[in-house]
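Chain residues, written in single-letter form:
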Amino acid sequence: MDELLQEFISETQETLEALAGEVVAWEADPSDRDRLDAIFRFFHTVKGSCGFLNLPRFERLSHAAEDVLSEIRAGKRGADPATVSAVLGIMDRIGELTEAVAIGAALPSENDDFLIGALSISSADVAEPAVQAVAASVAVARQGGVQSGPRTIRLPLSLIDQLMNGVSDMVLARNELSRKLRERSADPELDNVFERLSTCVADMRDVISKTRMQRVDRLFAAIPRMVRDLGRDLGKRIDLTLEGGDVEMDREMVEMVVDPLTHIVRNSIDHGIETPEKRRAAGKPDAGRLRLEARQSGNQIVIAIADDGAGIDTARLVDKAIAAGRLTPEAAKRLSEEDRLDLIFQAGLSTANQVTAISGRGVGMDVVRANVERIGGVIALDNHPGQGLCITLRVPLTLTIIPGLIVRAGGQHFAIPRSAVVEILHDNNETLYISEVGGAKIATIRAIRHSMVDLEDVLGMEKPVQQGPRAIMVVRSATGVPFAMGVSAVDNHEELVIRPASPLVMATGVYAGMTLPDNGKPMLLLDAAGLANAARLPNIIDDRAARQQGQEADAQAGVEMVAALRFEELSGERRLLKLSLIERVEDIDAGLFGRSGGRAFVRLDERLVPVANGLSQFDRAKVSALRLRDDRREACYPVAAVLDIVQMPAVPDMVAMHGMLSGVAVVDGEHLEVINPFALFAGLPEEALVERARGRCVLADSGDGWTREILAPLLRQAGHEVVLGLPGDCAVDPDDVVLCTEADAAQAAEIMGCRVVHLRASPRPTGPQDGSIYRYDQDALMAAIAGRRA
Amino acid sequence: MDQLYLLATLADTRIAVETGEVEAVVRLTDISPVPGMGAHVAGLSALRSRVLTIIDVAALIHGRATPAARRGLAIIANISGHSYGLMVDGVSDICRVPEGELPLRGQLDPAWAPYARALVEHDGHPWLLVSLAAFIEGGALAQAA
């Protein structure tokens, strides 16, 4: 509030100063319409501002003066000297009150009624003393003048520019010094001092930058209150949305945009948005939507004011123009819809049926356009009769700081405003597909087709061969359709001070300005819209894909979706499995899989884990496997390939329970079988595959060097528990496997009731009856151990 | 007669420039090229915190870019609010010329016509008096458009 008040005070004082000359001229020639208008606008502004600043005395004074001036403007009353003096008296009083508010002193207590009364009496005799009284009190007020509160001064912007340049020079000098210091031997003392200097310079740069920049928030600050008050006065309900308040804008620019913006918002509420009754009749929600959005786009700030009101009735505009004699009926017939809409910018034309307190008092869209164009801006209308109006203001951003991305292309660096970049992908990304037809490149990103250009091609640079993927940026300009742009790489993200480039460089149309980074090498700022123009990209929105996506999103919104893993079975079918069941996916050696008692298992981390789909033989060395887990058991599910993660409906589109499947779901147009997790875990062996089942390998000939040094380590490596020597007691388990080379040991083991693997030293069997295995035949040995145990 | 002239050579031609137009003469260091521009814009170069647009004047006249190795000096000038550097082959002197500006004589190469204003006599040779602003406004911008 203090800030607003401060603003109001300085603004009023400034206008008063500027008006002082006008008033004198008006006094000399009261019929001078321009000057009268200027003075009228002053009172109007004061009245508007002080309404919500709670300054009732200002309001009463300005209101009275405005009424009188309004009558003079309407020709109902002459501007006789007495009236002029009375108006001047009120201006003085306002100046005086402003002064008092500024220094926080008590407001001078002269009777305002006296001044207001003077307005209605056209007699010089009465007005004169009032003016004198005012003059006296001005003197009093000035004497009181010790300033309190935040002290501000106004500086010419050129001075700030000079300061800024100076600081930039300083930063560069510091960088050079820093380089020089690095080349020399380290001196901690010197480094310390330099560090301090560095910090000071950086701080100073920040502060100087701030003097010029202002967040758009400040531009929006007064809007909510205004919208509420207007809405209440007019009996309309309005939903206000403000967006992009953090965009930074040149301070000067903010000041220039405030008035047009305020005016457009007033218009929108007064003429655009209908009363709740009318809206209901038109099938719209009771509350009108008003949306203000600021964004930065290349070298412009775009402020869009959109409402969902009645829009502009162009037919009535034409009628009015004809009635006002600006347009002949014949000419009116030849007008295109755009030309008709353009009439709104004609002075003195308004679609308002009657002049209301809020707008329609003659300060119209013509003034708005003039103000915007004076600062090099553009105003555009997007009119949908009956559905709303969107007014877009584009104002340039001369010297501003913007967040930018540094990209590399053709061995050179360029900057691009971050706001213009929607997303960045590498060209090896799976969601991106680049195709070429008739020389045109098309990048399809998640089913949306974008025009694709390479920055090097647009700028006519050589495209150096590069290792690794290129970066593809989806770029959105203020006006056009997003497009994809390929660059060598996106290097960095920086706050950039943008300065205007020379007209020569700007004439190419692809640059929005330039910036001088700390390394002292000038860098060009790319203009997204200009690039699209230069590449002559078609400007047609491919809304089909977007619409389709929207529809899909709508359709799916009703169905509960869960994440699922899409994979390919070893048998070739593609299936889905709920992602939450999958603990992880890993590649497992095929050799770790095995069968036992008709069930497949895999040996993982010294445990046997059941294989859910019963497979144990694979045609490859490594198998991708899903590791599944319910609350207490785990399972392994070998697959041919893991494809991707998709959203599937929680209930399959077609429920068909049989075996391990629960039904069929359609994902991206593909019919996929869904695994039923219930059946999957139910099908696992009830008793866990415990350690016992593995049994032990009992090496009967423990005294033998070969057995101890070669066989035992091999078996241990393969994960078997190894016991050296037949246990003296009868602790041999029926599950144990006895390995022996001596025939008598084999017999002894057989008597004890365990299985025996008989090894022999010679490669060839001694006869057809010989069931022994050659001791270096590892495959046969392992199979025998595993098989015997089955 | 008190007018000072900067005498330089440019595209094998002796030229003179009114010193009022000249801010400084610097030796060019790094030039960052501006892709998408004709050969007459050599690029951007930083002079302290100012960014200069470097004009290859020889390319403007002959249409052939000066090779990077031969880029030497540039005349710095501020033309309609922007800083430019105009590349020249060499700078020989700054002096007064007793006779002042002389009218153009002889058949001037059409390539030079838009920029040459008059002649000045120095050391027994004629020097073509050119205007730096004409290079930018008359030549470079017209080519860029």
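Residues numbered from 1 in each chain as written. Chains lettered and ligands numbered in written order. Predicted model: local features only at pLDDT ≥ 70, side-chain atom pairs only at ≥ 80, totals over all residues.

Engineer: Can you tell me about the overall build of chain B, naming the residues and giving the values?
Structural biologist: The secondary structure content of chain B amounts to two helices and 10 strands. What you see in chain B, going N to C, is helices and strands ordered as β-β-β-β-β-α-β-β-β-β-β-α. Counting the 145 residues in chain B, one finds 37% classified as buried. Residue pairs in contact within chain B that sit at least 24 positions apart in sequence constitute 54% of those at least 6 positions apart. (Helix = DSSP H or I, 4+ residues; strand = E, 2+ residues; numbered from the N terminus. Buried ≥ 20, exposed ≤ 12 C-beta atoms within 10 Å, placed from the backbone. Contact = placed C-beta atoms within 7 Å.)

Engineer: Residues and numbers for the overall build of chain A, please.
Structural biologist: A tally of helices and strands in chain A yields 24 helices and 35 strands. Within chain A, buried positions represent 32% of all 790 residues. When contacts within chain A are restricted to residue pairs at least 6 apart in sequence, long-range pairs at least 24 apart make up 63% of them.

Engineer: So what about the UniProt feature "modified residue: Phosphohistidine" (unreviewed entry) in chain A? Which residues, and what values?
Structural biologist: Taking the numbering used here, the UniProt-annotated feature "modified residue: Phosphohistidine" (unreviewed entry) corresponds to His44(A). For His44(A), the location among the structural elements is in helix α2 (residues 33-53). (UniProt positions renumbered as here; feature names shortened; annotations may be inferred.)

Engineer: How would you explain the environment of Asp589(A) if you had to name every residue and give the values?
Structural biologist: Residue and element names in this part refer to chain A. With respect to the helices, strands and loops of the structure, Asp-589 is situated in strand β21 (residues 582-589). For Asp-589, a count of 12 C-beta atoms within 10 Å gives the class exposed. Between the C-alpha atoms of Asp-589 and Leu-604, which are 15 residues apart in sequence, the distance is 10.0 Å. Those residues in contact with Asp-589, other than ones at most four positions away along the chain, are Ala-621 and Lys-622.

Engineer: Report on the interface of chain B and chain A, specifying residues and quantitative values.
Structural biologist: Taken residue by residue, the interface counts 22 residues in chain B and 23 residues in chain A. Residue assignment for the side of chain B that touches chain A shows that the elements contributing at least two residues are β4 (41-47), β5 (50-55), β7 (82-88) and α2 (132-144) of chain B.

Engineer: Describe the nonpolar core, and please don't skip the residues or the numbers.
Structural biologist: Core analysis: the largest hydrophobic core is formed by 87 residues, its most contacted members being Leu526(A), Ala16(B), Val17(B), Ile55(B), Val57(B) and Leu86(B). Excluding anything up to four places from it in sequence, Val57(B) contacts Leu10(B), Ala11(B), Leu86(B), Met87(B), Val88(B) and Phe135(B). Counting 38 residues, the second-largest nonpolar core is a separate cluster that includes Ile303(A), Val318(A), Ala321(A) and Ile379(A). (Core = buried A, V, L, I, M, F, W, Y, C linked by C-beta atoms within 7 Å.)

Engineer: Talk me through the pairing of strand β13 (residues 448-454) of chain A; I want residue IDs and the actual numbers.
Structural biologist: Residue and element names in this part refer to chain A. Counting buried residues along β13, five of its seven residues qualify, which places the element largely inside the surrounding structure. As consecutive antiparallel partners, strand β12 (residues 440-445) and β13 are separated by two residues, and within that stretch Arg-446 has a phi angle of approximately 45 degrees, a positive value. Note that β13 and strand β15 (residues 483-487) share three bridges and pair parallel. Residue pairing for β15: Met-452 is matched across the bridge by Ala-484. (Pairing = 2+ DSSP bridges.)

Engineer: Requested: an account of the packing of helix α3 (residues 56-73) of chain A against helix α5 (residues 112-120) of chain A, with residues and values cited.
Structural biologist: Residue and element names in this part refer to chain A. Orientation of α3 relative to α5, taken along the N-to-C sense of each, is 5 degrees, at an axis distance of 10 Å. The angle between α3 and α5 falls in the class roughly parallel. Across the interface between the two elements, Arg-57, Arg-60, Leu-61, Ala-64, Ala-65 and Val-68 from α3 touch Asp-112, Leu-115, Ile-116 and Leu-119 from α5. For the contact of α3 with α5, the residue count by class is seven nonpolar, no polar and three charged. (Axes fitted to C-alpha atoms, helices over the stretch in contact; angles between N-to-C directions. Parallel < 35°, antiparallel > 145°, perpendicular 65-115°, else oblique. Nonpolar A, V, L, I, M, F, W, Y, C, P; charged D, E, K, R; others polar.)

Engineer: Pulling in residues and values, what's your account of the sheet that holds strand β25 (residues 622-629) of chain A?
Structural biologist: All names here are of chain A. Strand order in the open sheet made by the three strands is β21-β25-β26, with antiparallel pairing throughout. Two strands close off the open sheet at either side, each with one partner strand: β21 and β26 (634-639). Across the sheet, the mean angle from the axis of one strand to that of its neighbour is 30 degrees, orientation sign disregarded. Bridge count for β21 against β25 is seven bridges, and the pairing is antiparallel. Bridge pairing links Asp-589 to Lys-622 in β25.

Engineer: Explain helix α13 (residues 314-323) of chain A residue by residue, including any values.
Structural biologist: Residue and element names in this part refer to chain A. Among the residues of α13, those classed as buried are Thr-314, Leu-317, Val-318 and Ala-321. Down the axis of α13, the buried set is contained in an arc of 100 degrees. They therefore lie on one face. Opposite the packed face of α13, turned more than 90 degrees from it, sit the exposed residues Ala-315 and Ala-323. Buried residues along α13 sit in contact with α14 (329-334) and α15 (337-342). Positioned one or two residues after α13, Gly-325 has a phi angle of 80 degrees, which is positive. (Arc of directions from axis to C-beta.)

Engineer: Before we move on, can you summarise unusual backbone geometry with the specific residues and values?
Structural biologist: In the Ramachandran plot, Ala11(B) falls in the positive-phi region, its phi being about 50 degrees despite a non-glycine side chain. Within the secondary structure layout, Ala11(B) lies in the loop between β1 (4-10) and β2 (13-18).

Engineer: A description of the confidence of the model for chain A should follow, citing residues and the corresponding values.
Structural biologist: All names here are of chain A. Per-chain confidence: chain A averages 75 in pLDDT, with 81% of residues scoring 70 or above. For residues 354-362, every residue scores under 50 in pLDDT, and the model assigns this stretch 12 contacts once sequence neighbours within four places are set aside. This model gives residues 553-557 a pLDDT under 50, and the stretch forms one contact once residues within four places in sequence are excluded. (pLDDT = per-residue confidence, 0-100.)

Engineer: Can you explain the sheet that holds β15(A)? Please cite residues and give values.
Structural biologist: Residue and element names in this part refer to chain A. Spatially, six strands are ordered β10-β14-β15-β13-β12-β11 in an open sheet, and the strand pairing comes out mixed. The outermost strands of the open sheet, each flanked by one partner alone, are β10 (421-426) and β11 (432-437). Between one strand axis and the next, the sheet turns through 30 degrees on average, direction left out of account. Relative to β13, β12 runs antiparallel, the two sharing five bridges. When the bridges of β13 are listed, Lys-441 appears paired with Met-452.

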